[in-house]
Protein chains: 2
Amino acid sequence: MAGKKVLIVYAHQEPMSFNGSLKKVAVEELSKQGCAVTVSDLYTMNFEPRATRNDITGDKIKSTSEYYTILYSTANFIMCRKCQNQFSWILKEHCALSNPEIFRYGIETYEAYKKTALSSDILEEQRKVQEADLVIFQFPLYWFSVPAILKGWMDRVLCQGFAFDIPGFYDSGFLKGKLALLSLTTGGTAEMYTKAGLSGDFRYFLWPLQHGTLHFCGFKVLAPQISFGLDVSSEEERKVMLASWAQRLKGIWKEEPIHCTPSWYFQE
Amino acid sequence: MAGKKVLIVYAHQEPMSFNGSLKKVAVEELSKQGCAVTVSDLYTMNFEPRATRNDITGDKIKSTSEYYTILYSTANFIMCRKCQNQFSWILKEHCALSNPEIFRYGIETYEAYKKTALSSDILEEQRKVQEADLVIFQFPLYWFSVPAILKGWMDRVLCQGFAFDIPGFYDSGFLKGKLALLSLTTGGTAEMYTKAGLSGDFRYFLWPLQHGTLHFCGFKVLAPQISFGLDVSSEEERKVMLASWAQRLKGIWKEEPIHCTPSWYFQE
């Protein structure tokens with residue numbers, strides 16, 4: 001739909017992969033509709049998946065032991081002057097954390113979000129999410145979940161303060177009003193991902209991603225687009241999957257979100 | 001139990017965290033029993049979570065476009081000599097991949113595993129897993145799952161050929177005979193993680209990890225150790241949780257694994 005903004009968070013190493021083709025089809029179809037499409041190509045960006053102290057800017061201390069080293073090296077100076085203010089000033093110069101002695105990632109990034117002190121790569125992704133009406137995640141299923149590089153995007157970008165607060169989650173999550181859609185590929189066949197299949201119903205593995213993550217942040221979740229059985233599919237079958245994705249995208253803005261409750265996942 | 005080998009895969013940034021204490025308690029208790037305990041401290045190791053071409057050694061080409069550049073730069077030479085062998089030799093010198101034109105992570109790491117051509121950090125972790133009788137994963141729950149750095153450990157270490165094959169998965173997975181145990185902490189309370197709670201039964205989010213990953217590789221899965229509600233727990237409650245973990249570890253070698261079927265996760 002003209003004027004709508006779409007963010008595609010894309011996690012595949014290879015542009016010529018089927019995931020690459022699905023991403024390309026989405027960019028083409030949505031652009032044709034007049035949408036503004038942005039792609040975060042995580043591997044090309046070499047996106048950082050690890051949640052560390054580096055995510056808080058202005059912090060020059062990289063470990064607790066280093067903090068103690070600085071404490072120690074300034075100790076004489078403080079004891080000599082008996083000046084607590086001076087002491088605090090020295091620490092603040094070195095450390096932007098609210099608690100430099102015990103690093104708690106969730107608390108520190110929450111504080112840093114409020115002070116716009118998160119690292120620039122996180123801020124940039126948050127800006128893209130904030131602008132988007134629809135976020136599409138395009139990835140191959142790794143161990144019943146997203147690849148680590150995309151898990152890292154979720155861990156780091158969807159921080160408290162930006163995507164949710166306590167209270168302020170699930171239906172009150174801060175990204176309410178936005179749509180999200182998982183488009184994923186599997187090696188295993190559709191038959192394997194049924195209730196009676198070896199890998200269980202595909203909805204089981206969607207729970208942590210769709211409910212625990214996207215719904216928690218307030219997203220309305222559209223039905224997943226699953227391209228099953230890539231390991232055994234023919235060229236012709238792949239063409240059909242690509243075409244059906246393109247076809248679905250034509251009507252994407254008229255779709256109703258799924259009813260994201262346990263019954264959708266476990267009781268049908 | 002004396003003589004048993006335990007690997008603890010530990011994913012927390014802060015040694016003084018509750019996760020750090022749980023890890024410490026496990027090392028102490030298991031060592032006291034005479035077990036040989038190894039810890040993979042993923043943040044301290046700065047463990048790489050991204051699944052890329054770098055995981056295959058001997059490959060000097062970092063992207064498909066670079067492959068084409070090399071192809072182009074050698075083209076005159078090949079055309080001039082009309083020497084297909086010479087051409088192949090040049091490419092092999094630059095590229096260790098079985099298909100350098102389209103990079104497929106799963107296929108390439110499978111081939112690299114068979115040739116002992118995986119990167120050294122993966123080989124080292126595989127060696128630790130191979131030696132272990134029990135693997136304990138110690139982590140805080142991030143988005144109903146493991147932190148990205150630990151997801152990356154699973155994505156990269158548990159590759160085809162090492163942990164499973166097709167066929168050769170679930171009860172026939174290559175790590176059969178080994179035990180695995182998830183020890184995790186949550187911010188949310190135990191009440192939130194019940195069937196009637198906002199976040200659903202805790203067993204729902206264990207499915208991709210315990211069934212889709214560990215069981216798939218053949219591990220027998222011991223009951224999870226979940227330390228709930230850290231965000232709201234008192235010092236006293238934390239001490240009780242630590243003590244109960246230590247107590248459980250005393251009898252860990254006599255425990256029966258859970259029956260890792262959908263009914264354990266969804267129907268009790």
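> It is not clear to me how the overall build of chain A should be interpreted in this structure. Could you clarify?
Check the secondary structure of chain A and you find nine helices and six strands. Split into buried and exposed, the 268 residues of chain A put 57% on the buried side. Total accessible area on chain A is roughly 11,800 Å²; 55% of this is exposed by carbon and sulfur atoms.

> Looking at this structure, I do not really get the pairing of strand β4 (residues 179-185) of chain B. What am I missing?
For a regular strand, side-chain orientation follows a simple rule: the groups alternate between the two sheet faces. Residues and elements named next belong to chain B. Among the seven residues in β4, seven count as buried, and that is most of the element. Alternating residues of β4 divide into Leu179, Leu181, Ser183 and Thr185 and Ala180, Leu182 and Leu184, and every residue in both groups is buried. Assessed by its sense of winding, the connection that carries the chain from strand β3 (residues 134-140) through helix α7 (residues 148-157) to β4 is right-handed. Looking at chain direction, β4 and strand β5 (residues 220-221) are connected through two bridges and run parallel. When the bridges of β5 are listed, alanine 180 appears paired with valine 221. In this structure, β4 lies alongside strand β6 (residues 225-227), joined through three bridges in parallel fashion. Its bridge partner being in β6, leucine 184 is matched across the sheet by isoleucine 226.

> Just checking my understanding: could you explain the interface of chain B and chain A for this structure?
The parts lose accessible area when they come together, and the size of an interface is often stated as this lost area. Listed as interface residues are 52 residues of chain B and, on the opposing side, 52 residues of chain A. With both sides pooled, the region where chain B packs onto chain A buries about 4,200 Å², and carbon together with sulfur makes up 65% of that total. Per-residue buried area on chain B facing chain A is highest for Arg50, Trp143 and Lys151 of chain B; these three make up 21% of the total on that side. Counting across the chain B and chain A interface gives two salt bridges. With its nearest N and O atoms 3.7 Å apart, the salt bridge here joins glutamate 14 of chain B to arginine 53 of chain A. Linking chain B with chain A are 20 residue pairs in polar contact (both at pLDDT 80 or more). Of all the secondary-structure elements, those providing two or more residues to the side of chain B that touches chain A are α2 (64-73), α7 and α8 (202-215) of chain B. A total of seven residues in the side of chain B that touches chain A trace back to one element, the largest contributor, which is α8 of chain B. Grouping the constituent residues of the side of chain B that touches chain A by class yields 31 nonpolar, 12 polar and nine charged.

> How do you make sense of the packing of aromatic side chains when you look at a structure like this?
Each aromatic ring pair is characterised by the separation of its centres together with the angle its planes make. Residue and element names in this part refer to chain B. Overall, the coordinates contain 47 aromatic pairs over all chains when judged by the stated rule. Centre to centre, the rings of phenylalanine 169 and phenylalanine 216 are 5.0 Å apart; their planes meet at 10°, and the pair counts as stacked. Placement of phenylalanine 169 in the loop between α7 and β4 and of phenylalanine 216 in the loop between α8 and β5 is noted, with a sequence separation of 47 residues between them. Neither phenylalanine 169 nor phenylalanine 216 differs from the other in exposure class; each is buried.

> Is there a simple way to explain the packing of helix α6 (residues 148-157) of chain A against α7 of chain B in this structure?
To describe two helices that pack against each other, one gives the angle between their axes and the distance between the axes. Following both chains from N to C, one finds α6 of chain A and α7 of chain B inclined at 170°, their axes separated by 8 Å at the closest point. The angle between α6 of chain A and α7 of chain B falls in the class roughly antiparallel. Seen from α6 of chain A, the contacting residues are Ala148, Lys151, Gly152 and Asp155 of chain A; seen from α7 of chain B, they are Ala148, Lys151, Gly152 and Asp155 of chain B. Across the contact of α6 of chain A with α7 of chain B, the residue classes tally to two nonpolar, two polar and four charged.

> What is the right way to look at the pattern of salt bridges in this model?
Any two side chains of opposite charge can pair if their charged atoms end up close together. Summed over all chains, the structure comprises 26 salt bridges over all chains. Note that arginine 248 of chain A and glutamate 255 of chain A form a salt bridge whose closest N and O atoms lie 2.8 Å from each other. With its nearest N and O atoms 2.8 Å apart, the salt bridge here joins aspartate 55 of chain B to arginine 156 of chain B. Separated by 101 residues along the polypeptide, aspartate 55 of chain B in the loop between β2 (36-41) and α2 and arginine 156 of chain B in helix α7 bring together distant segments of the chain. By relative accessible area, aspartate 55 of chain B is classed as buried at 2%. With a relative accessible area of 2%, arginine 156 of chain B lands in the buried category. Counted as one network, the salt bridges with shared partners bring together Glu29, Lys32 and Lys250 of chain A.

Here is what the cut-offs are and how they apply
Residues numbered from 1 in each chain as written. Chains lettered and ligands numbered in written order. Predicted model: local features only at pLDDT ≥ 70, side-chain atom pairs only at ≥ 80, totals over all residues. Heavy atoms only, no water. Helix = DSSP H or I, 4+ residues; strand = E, 2+ residues; numbered from the N terminus. Buried < 20%, exposed > 50% of the residue type's maximum accessible area, 1.4 Å probe, protein only. Areas by Shrake-Rupley, 256 points an atom, 1.4 Å probe, with all protein chains shown as cover. Right-handed = clockwise from strand over helix to strand, strands pointing away. Pairing = 2+ DSSP bridges. Contact = heavy atoms within 4.5 Å. Buried area = accessible area lost by both parts, 1.4 Å probe. Salt bridge = Lys/Arg side-chain N within 4 Å of Asp/Glu carboxyl O. Polar contact = N/O pair within 3.5 Å; in protein donor to acceptor, adjacent residues only side chain to side chain. Nonpolar A, V, L, I, M, F, W, Y, C, P; charged D, E, K, R; others polar. Phe/Tyr/Trp six-rings, centres within 6.5 Å; stacked < 30°, edge-to-face > 60°. Axes fitted to C-alpha atoms, helices over the stretch in contact; angles between N-to-C directions. Parallel < 35°, antiparallel > 145°, perpendicular 65-115°, else oblique.

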